[in-house]
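Structural features, examined
Each chain, written out:
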Amino acid sequence: MLLVVCRDKGTAEWAAEPIRIGLEKHPSLAVFPLVLGPHNVPMITDAARAADDLPMAVFSAITHSHDHDIAAILDALAEALRATDADAAAVFAEFTEAGLGATPARDLWRNLMGTGLSHFRGFVAESFRDEGRVESRGEDILRILAVRGVAVPDAARQRITTCTDLAVLDEWFERAITAPTADAVFDES
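Report follows, based on the coordinates. (Residues numbered from 1 in each chain as written. Predicted model: local features only at pLDDT ≥ 70, side-chain atom pairs only at ≥ 80, totals over all residues. Heavy atoms only, no water.)

Some thoughts on the overall build of the protein chain
Convention followed: Secondary structure elements follow DSSP: runs of H or I no shorter than four residues count as helices, runs of E no shorter than two count as strands, and numbering proceeds from the N terminus. Categorising residues by exposure relies on relative accessible area from a 1.4 Å probe, with only protein chains included: less than 20% of the type maximum marks a residue as buried, more than 50% marks it as exposed, and the intermediate range marks it as partly exposed.
Within the protein chain, the regular secondary structure consists of 10 helices and 4 strands. In sequence order, the protein chain lays out its α and β elements as β-α-β-β-β-α-α-α-α-α-α-α-α-α. Expressed as a percentage of the 189 residues in the protein chain, the buried residues total 33%.

Here is the structure:
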């Protein structure tokens, strides 16, 4: 599917025309884009409605970025994002900012989100750092056991590589330094 998002009706109408590939009188393929524009995307100015359909609320902000009601649309979206989980909010906030492009609405969005957008960005960056540390710590545990000549059964390897709790992995790391077996790494006694 080809999705086209436009800020003005004229461009949206042009983009909705089928794209024919092949010979003029015998096209081998025709693509009918799905076009979202101000003519067919509702203006979502209510935070509860925005929270019910965040993707549509984002498209509402992008497609109506030149509309006189853009402040109300962005306010509703910002309020909805603050009420959702941080992972999803970060993605939708970044997508909104990118979709607004170099418009005055983007500046309004940045001012509206203020530290909120920075917080979302920080949360995403921290999440990626934590994932990297978790993966690295699991690899460290396996490496220590391998260097020490301790056999690691598949079940133990799986338990180590699928653990996402950095504090637990840190404990296992310390135990791996002296553990006589892989199972002893998990022993809390």
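Details of the environment of Val185
Worth spelling out the cut-off: By definition in these notes, contact holds between two residues if any of their heavy atoms fall within 4.5 Å.
Take Val185: it is sitting in helix H10 (residues 182-186). Residue class for Val185 comes out buried when judged on its relative accessible area of 0%. C-alpha separation for the pair Val185 and Leu169, spaced 16 residues apart in sequence, amounts to 9.8 Å. Excluding anything up to four places from it in sequence, Val185 contacts Leu145, Trp172, Arg175, Ala176 and Ala179.

Quick word on the pattern of salt bridges
Note the following rule: In the sections that follow, a salt bridge refers to a side-chain nitrogen of Lys or Arg positioned within 4 Å of a carboxyl oxygen of Asp or Glu.
Applying the stated criterion across every chain, the model contains 5 salt bridges. The closest approach of N and O atoms between Glu13 and Lys9, which form a salt bridge, is 3.6 Å. With a gap of 4 residues between them, Glu13 and Lys9 both fall in helix H1 (residues 9-15), about one helical turn apart. With a shortest N-O distance of 3.3 Å, Glu171 and Arg175 are connected by a salt bridge. With Glu171 and Arg175 both in helix H9 (residues 166-176) and 4 residues apart, this pair spans about one turn of that helix.

Some points on H9
Heads up, the rule is: Think of the arc as the fan of directions from the helix axis to the C-beta atoms.
Leu169, Trp172 and Ala176 are the residues of H9 that are buried. Around the axis of H9, the buried residues are gathered within 60° of arc, so they sit on the same side.

Digging into helix H6 (residues 104-113)
Note that an α-helix has 3.6 residues per turn; residues three or four places apart therefore point the same way. For H6, every residue scored as buried is listed here: Ala105, Trp109 and Met113. Within H6, the buried residues cover an arc of 65° as seen down the axis, which keeps them to one side. In H6, the exposed positions angled more than 90 degrees off the buried face are occupied by Pro104 and Asn111. At the exit of H6 stands Gly114, carrying a positive phi of roughly 45°.

Notes on the nonpolar core
Keep this limit in mind: Buried residues of nine kinds, namely Ala, Val, Leu, Ile, Met, Phe, Trp, Tyr and Cys, make up a nonpolar core once their side-chain atoms join them within 4.5 Å.
Membership of the largest hydrophobic core comes to 21 residues, with the highest contact counts inside it found for Ala50, Leu74, Leu77, Leu81 and Trp109. Residue assignment for this core shows that the elements contributing at least two residues are helix H3 (54-63), helix H4 (70-82), helix H5 (86-100) and H6. Ranked by residue count, the leading element in this core is H4, at 8 residues. Counting 17 residues, the second-largest nonpolar core is a separate cluster that includes Ile144, Ala156, Leu169 and Ala176.

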